[in-house]
Amino acid sequence: MKIAITADLQMDMQASVGVVQPDGLTDRLNHRIDCLRWVAQEAVERGCPYLFVLGDIFDNRSAVDVGVLDAVCSAFAGIAGSFRRIVVLPGNHDSYLRNARITSLRALVGTCQVVTSSVRMELDGVTALLVPWQERVEDYTNEIGSAGMKSMDSAVLMTHALLESAVPGKGIPLSALEPCGKFRRVFLGDVHEPQDVTGDGRVQYVGAPMQYDYGDAGGRRGFVVYDTKKDKVEFVSNVVSPKFAVVKDRGTAEAANRSMATYVRVLGGAEFVGKPGVVVERIDPPPSMAPSRLGVTAASSPLAVIRSYVEAVANEADRERLVEAGVALFARGNGMEVSDVAGQGEETSQHRQAESRVEGGGETGRAVAPNRVRRRSEAGAPARRDSQSPDSRRPVR
């Protein structure tokens with residue numbers, strides 16, 4: 001018997017990228033629905049009477065959009081007649097309050113078999129154990145251990161879990177899924193990139209069936225067909241859904257066109273001419289990549305940094321006022337006198353003039369709290385905060 005296995009459909013409007021269509025749904029939700037139908041069609045053509053979806057049918061665990069819910073229920077109802085059974089189990093995105101027993105997938109009851117606790121199935125002589133997503137490591141172990149399976153090496157496990165070997169620094173150990181011995185096969189949902197966890201194909205992530213955002217650019221997507229009799233796995237690549245690409249230079253630009261990507265993000269002024277219908281998003285380099293416009297160093301005084309920043313970002317008419325305000329804020333935030341900030345380490349005549357303007361108002365007469373500055377200067381020491389002032393509650397650093 002052949003069975004089709006997919007996961008991580010992430011049904012959502014994806015408003016950040018999607019365009020609203022006349023029916024009120026976004027094109028990105030329609031892409032997901034079309035992908036589900038493609039999976040069903042390919043599975044039927046390969047003779048699969050069962051379709052298993054290993055979690056994260058929906059993307060939002062706390063509030064599923066009514067339009068999304070209706071579209072997904074209609075889509076599953078439309079493909080249900082093509083299979084003997086469609087089996088879905090909750091992933092973390094389907095589980096409200098991180099509890100698989102409180103799940104949005106109950107909306108699919110009647111169309112699909114919804115697994116909210118461990119279930120055993122017989123598939124042409126092969127036992128399959130289905131386990132929904134669990135919050136804790138021990139919950140996986142308990143669910144699998146309580147299934148009462150005597151022979152793991154001839155059984156197949158299907159679940160939604162993040163393994164530490166798949167994402168370093170996160171996840172659970174594989175041993176938590178095999179407390180009573182190794183399974184013949186372990187098929188997993190959660191990680192969107194198809195992965196051979198053990199290197200021999202025994203434990204693998206089936207991956208998401210399509211690309212969802214720029215983080216998926218260049219990734220392989222599709223679903224798995226498993227022959228229970230021959231113990232063979234076929235990966236069916238998705239060549240129909242829209243793809244994402246990130247362009248950094250000429251080479252990646254050419255690759256984006258070869259891949260027929262629909263969504264292309266162009267970084268840092270790279271050249272890219274997209275084909276008709278391609279959505280192009282141009283992104284300036286992040287600050288860490290952009291050349292500095294300030295010309296300051298760690299040794300520069302606060303006034304030099306403030307003035308350089310203001311000169312780089314503000315209109316000329318506003319610069320003096322913003323410098324004065326910046327000095328006053330820095331002084332207040334650091335428990336200093338404005339005169340001290342204005343006078344720290346400036347050697348150029350320009351900065352000495354700025355100091356004069358900040359302390360005395362200069363020709364503009366726009367000094368920041370000039371009376372307050374003078375009172376502090378005359379006192380010869382930082383003024384104590386008035387007990388009635390809101391500033392009195394602020395700790396002095």
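In this text, all values refer to a predicted model and were calculated from it rather than measured experimentally. (Residues numbered from 1 in each chain as written. Predicted model: local features only at pLDDT ≥ 70, side-chain atom pairs only at ≥ 80, totals over all residues. Heavy atoms only, no water.)

A. Spatial organisation of the side chain of Asp 27. Tracing the backbone shows Asp 27 in helix H1 (residues 27-45). Here the side chain of Asp 27 touches Val 19 through a polar contact of 2.7 Å, landing on its backbone nitrogen. The contacts of Asp 27, once residues within four sequence positions are left out, are Gly 18, Val 19, Gln 21 and Tyr 263. (Helix = DSSP H or I, 4+ residues; strand = E, 2+ residues; numbered from the N terminus. Polar contact = N/O pair within 3.5 Å; in protein donor to acceptor, adjacent residues only side chain to side chain. Contact = heavy atoms within 4.5 Å.)

B. Representation of the packing of aromatic side chains within the structure. Per the counting criterion, the structure on display carries five aromatic pairs. Arranged with centres 5.0 Å apart and planes meeting at 85°, the rings of Tyr 214 and Phe 244 form a pair that is edge-to-face. With Tyr 214 in the loop between strand S10 (203-205) and strand S11 (222-227) and Phe 244 in strand S13 (residues 244-247), the pair connects residues that are 30 residues apart, well separated along the chain. Of the two residues examined, Tyr 214 and Phe 244, each falls in the buried class. In textbook terms, an aromatic cluster arises when at least three aromatic residues are bridged by ring pairs, as seen for Tyr 214, Phe 244 and Tyr 263. Taking NZ or CZ as reference, Arg 220 lies 4.2 Å from the ring centre of Phe 235, over its face. (Phe/Tyr/Trp six-rings, centres within 6.5 Å; stacked < 30°, edge-to-face > 60°. Buried < 20%, exposed > 50% of the residue type's maximum accessible area, 1.4 Å probe, protein only. Lys NZ or Arg CZ within 6 Å of the ring centre and 35° of its normal.)

C. Summary view of a positive patch on the surface. On the surface, Lys 2, Lys 229, Lys 230 and Lys 232 cluster together to form a positively charged patch. Mapped onto the elements, Lys 230 comes out in the loop between S11 and strand S12 (232-237). (Patch = residues over 30% accessible without salt bridge, like charges linked within 9 Å, V, L, I, M, F, W, Y side chains within 5 Å. Areas by Shrake-Rupley, 256 points an atom, 1.4 Å probe, with all protein chains shown as cover. Salt bridge = Lys/Arg side-chain N within 4 Å of Asp/Glu carboxyl O. Lys, Arg positive; Asp, Glu negative; His and termini not counted. Charge placed at Lys NZ, Arg CZ, Asp CG, Glu CD.)

D. Examining the side chain of His 31 more closely. Within the secondary structure layout, His 31 lies in helix H1. Residue class for His 31 comes out buried when judged on its relative accessible area of 17%. What His 31 contacts, discounting residues up to four positions off in sequence, is Met 210, Pro 242 and Tyr 263.

E. Quick look at a nonpolar patch on the surface. Together, Tyr 96, Leu 97 and Ile 102 give the surface a local cluster of nonpolar side chains, amounting to about 300 Å² of exposed area. Relative to the assigned elements, Ile 102 resides in the loop between strand S3 (85-89) and strand S4 (113-114).

F. Representation of helix H5 (residues 302-313). Here H5 spans 17 Å end to end across twelve residues, near enough to the 16 Å set by a 1.5 Å rise per residue. Along H5, the residues classified as buried are Pro 302, Leu 303, Ala 304, Ile 306, Arg 307, Ser 308 and Val 310. (Expected span 1.5 Å × (residues − 1).)

G. Geometry of the environment of Asn 257. Structurally, Asn 257 can be placed in helix H4 (residues 250-258). Once the C-alpha coordinates of Asn 257 and Lys 275 are considered, the two residues, 18 residues apart in sequence, prove to be 7.6 Å apart.

H. Up close: the sheet that holds strand S14 (residues 263-267). Read from one edge to the other, the open sheet built from three strands follows the order S13-S14-S15, with strand pairing classed as parallel. Of all strands in the sheet, those with a lone pairing partner are S13 and strand S15 (279-283), marking the two edges. The mean inter-strand angle of the sheet, taken between neighbouring strand axes irrespective of direction, is 20°. Judged from the four bridges that link them, S13 and S14 form a sheet pairing that is parallel. From the neighbouring strand, Ala 245 faces S14, where its bridge partner is Val 264. (Pairing = 2+ DSSP bridges. Axes fitted to C-alpha atoms, helices over the stretch in contact; angles between N-to-C directions.)

I. View of the sheet that holds S11. Taken together, six strands build an open sheet; the order of strands is S4-S3-S2-S1-S11-S12 and the sheet is mixed. For this open sheet the edge positions go to S4 and S12, each flanked by a neighbour on one side alone. Here strand S2 (residues 50-54) runs beside S3; their pairing, made up of five bridges, is parallel. From the neighbouring strand, Leu 54 faces S3, where its bridge partner is Leu 89. The strands that H1 touches are strand S1 (2-6), S2, S11 and S12; relative to S11, the one it contacts most, it runs at about 25°. Sitting on the sheet, helix H2 (residues 66-80) is in contact with S2 and S3, with an inclination near 145° to S3.

J. A look at unusual backbone geometry. Phi angles above zero are rare outside glycine, and Asp 56 is one such case at about 55°. Of the residues examined, Asp 56 reaches a relative accessible area of 1% and is grouped as buried. Of note, the phi angle at Asp 124 is positive, near 55°, even though the residue is not glycine. Residue position: Asp 124 is located in the loop between strand S5 (119-123) and strand S6 (126-131).

K. View of the confidence of the model for the chain. Per-residue confidence for the chain gives a mean pLDDT of 84, with 84% of residues at or over 70. This model gives residues 345-356 a pLDDT under 50, and the stretch forms 18 contacts once residues within four places in sequence are excluded. Between residues 358-397, whose pLDDT stays under 50, and residues either more than four places distant or in other chains, the model counts 45 contacts. (pLDDT = per-residue confidence, 0-100.)

L. Structural context of the nonpolar core. In terms of nonpolar packing, the biggest core is built from 37 residues, with Met 11, Ile 57, Phe 76 and Val 88 touching the most fellow members. Looking at this core, the elements with two or more residues in it are H1, S2, H2, S3 and S11. Top element by residues in this core is H1. It accounts for eight residues. Within the second largest apolar cluster, 22 residues are counted, among which are Tyr 140, Ala 166, Ile 172 and Leu 177. (Core = buried A, V, L, I, M, F, W, Y, C linked by side-chain atoms within 4.5 Å.)

M. Representation of the pattern of salt bridges within the structure. Within the structure shown, the criterion is met by 16 salt bridges. Residue Asp 139 pairs with Arg 136 through a salt bridge whose shortest N-O separation is 3.0 Å. Accessibility expressed as a relative area gives 17% for Asp 139, which makes it buried. Judged by its relative accessible area of 45%, Arg 136 is partly exposed. Here Arg 202 makes a salt bridge to Glu 178, at a shortest N to O gap of 2.6 Å. Of this pair, Arg 202 sits in the loop between strand S9 (195-196) and S10 while Glu 178 sits in the loop between strand S7 (155-160) and strand S8 (185-189), placing them 24 residues apart in sequence. Taken together, the shared-partner salt bridges connect Glu 42, Arg 46 and Glu 234 into one network.

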